[in-house]
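# Geometric and topological summary
Spelled out, the chains give:
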Amino acid sequence: MGSKGRRPPEYGYDIHGNKVLDSSIRKALHDYRDKIEFANGGGVKKLVYYLRDDYGFIVNHKKLYRLCKEEELLLPRKKKLKKNFKRLPASNHVVTEPLRVWQFDIKYGWVHGESRFFYLLGFIDVFSREIIDFYIGLNCKGESLVNLLDSAIKKAGIVNTTNLTLRSDNGSQMTCKAFREKVEALSLNHEYIPPATPNKNAYIESFFSVYEIEFLQVRYFATFKDAYKQTMEFIEFYNNKRKHGSLGMMSPLEFKNCYKKYSTREIEVRL
């Protein structure tokens, strides 16, 4: 009958050569995982150095891996996303009427009374600066974006979607399979801006800047319901009342109505 081998010792050493029981190392590992910084970050190889710097424990990565596995403290393996689809790059446009180019992105806010984030996803028309439609929730997934796109197209009264171009960054919601399939089914053009070029998504970024400065920084939200209600009211104000210097001191709604009534001269928006 073959030998099972020697059991690994249930102790290690610190930087001074003193013995450290595995129970102390296990407790330190749990303490790390209880911190928000380590909830989804700090793999085994990094924990080796954290333990040395913070506790003076000397533990090699093989033993640390075993202890993390036994305590169910290993981080999930990061799956490499298969992004083998062809992305349409952002190109220059001269937009001369509403409902031709929409930009969209996600912004997060903070519910003070509940100590948690909420998310705002919105579509903006680059010609009129109108927020066509938006979603606000405690999470924001690909399904949220798919449903919002359907809602936005319906609200805008668009029948032929082939004339509409969408533009976004390369976030997980924007590149997920469900949304790409929806875009393809509607025969939409979806342009992706290059990494680290928010200027190519300037109109939705400008709206989020307004939302941050004029709304989030001066409000207190006791509950998510409170944040939801106030955001709806602010976007209604933004679309219908807030004056835009780039729109001749008109609101998006006023500008859109003026364009419909007096569209004798050509108005261009370049992006």
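What follows deals with the side chain of T231. Within the secondary structure, T231 sits in helix α8 (residues 224-240). A relative accessible area of 0% means that T231 is categorised as buried. Excluding anything up to four places from it in sequence, T231 contacts F118, L120, F134, I136, Y211 and F215.

Next up on the list: the packing of helix α1 (residues 22-33) against helix α2 (residues 44-55). Packed helix pairs are specified by the crossing angle of their axes together with the interaxial distance, meaning the distance between the axes. Their axes nearest at 11 Å, the elements α1 and α2 cross at an angle of 105 degrees. Viewed along their axes, α1 and α2 adopt a mutual orientation that is roughly perpendicular. Counting all contacts with α1, which are made through I25, A28, L29, D31, Y32 and R33, the residues of α2 involved are L47, Y50, L51, D54 and Y55. Taken together, the residues that form the contact of α1 with α2 break down as 8 nonpolar, no polar and 3 charged.

Moving on: the sheet that holds strand β8 (residues 131-137). Spatially, 6 strands are ordered β4-β10-β9-β6-β7-β8 in an open sheet, and the strand pairing comes out mixed. Each end of this open sheet is capped by a strand with a single partner; those strands are β4 (88-89) and β8. Contacting β6 (101-111), β7 (116-125) and β8, helix α7 (residues 202-215) crosses the sheet at an angle of about 25 degrees to β6.

Spatial ordering of the open sheet is given by β2-β1-β3, a layout of 3 strands whose pairing is antiparallel. One side of each edge strand has no neighbouring strand; the edge strands of this open sheet are β2 (19-21) and β3 (57-58). Across 2 bridges, the pairing between strand β1 (residues 11-14) and β3 is antiparallel. In the strand pairing of β3, D14 is matched with F57.

This part is about a nonpolar patch on the surface. A cluster of nonpolar side chains, namely Y108, W110 and F117, defines an oily patch on the protein surface of about 330 Å² accessible area. Along the chain, F117 falls in strand β7. For F117, a relative accessible area of 41% gives the class partly exposed.

A few words on the environment of E71. Along the chain, E71 falls in the loop between α3 (61-70) and β4. The class for E71 is partly exposed, based on a relative accessible area of 25%. Put simply, E71 and K27 are 44 residues apart on the chain and 9.7 Å apart in space, counted from C-alpha to C-alpha. Aside from chain neighbours lying at most four places away, what touches E71 is R26 and H30. A distance of 2.7 Å separates polar atoms of two side chains, one belonging to E71 and the other to R26.

Next up on the list: α3. Turning to α3, its buried residues are K63, L64, L67 and C68. Down the axis of α3, the buried set is contained in an arc of 135 degrees. They therefore lie on one face. Those residues of α3 that are exposed and aimed more than 90 degrees away from the buried face are K62 and K69. Of the surrounding elements, those touching the buried residues of α3 are β1, α1 and α2.

Now for the pattern of salt bridges. Enumeration according to the criterion identifies 17 salt bridges in this entry. A salt bridge links K107 to E212; the nearest nitrogen and oxygen atoms lie 3.0 Å apart. Separated by 105 residues along the polypeptide, K107 in strand β6 and E212 in helix α7 bring together distant segments of the chain. In this structure, E233 engages K229 in a salt bridge whose closest nitrogen and oxygen atoms are separated by 2.6 Å. Highlighted residues: E233 and K229, both in helix α8, separated by 4 residues, approximately one helical turn. Residues joined by salt bridges that share partners form a network here, namely R26, R66, E70 and E71.

What counts and how
- Residues numbered from 1 in each chain as written.
- Predicted model: local features only at pLDDT ≥ 70, side-chain atom pairs only at ≥ 80, totals over all residues.
- Heavy atoms only, no water.
- Helix = DSSP H or I, 4+ residues; strand = E, 2+ residues; numbered from the N terminus.
- Buried < 20%, exposed > 50% of the residue type's maximum accessible area, 1.4 Å probe, protein only.
- Contact = heavy atoms within 4.5 Å.
- Axes fitted to C-alpha atoms, helices over the stretch in contact; angles between N-to-C directions.
- Parallel < 35°, antiparallel > 145°, perpendicular 65-115°, else oblique.
- Nonpolar A, V, L, I, M, F, W, Y, C, P; charged D, E, K, R; others polar.
- Pairing = 2+ DSSP bridges.
- Patch = residues over 30% accessible without salt bridge, like charges linked within 9 Å, V, L, I, M, F, W, Y side chains within 5 Å.
- Areas by Shrake-Rupley, 256 points an atom, 1.4 Å probe, with all protein chains shown as cover.
- Salt bridge = Lys/Arg side-chain N within 4 Å of Asp/Glu carboxyl O.
- Polar contact = N/O pair within 3.5 Å; in protein donor to acceptor, adjacent residues only side chain to side chain.
- Arc of directions from axis to C-beta.

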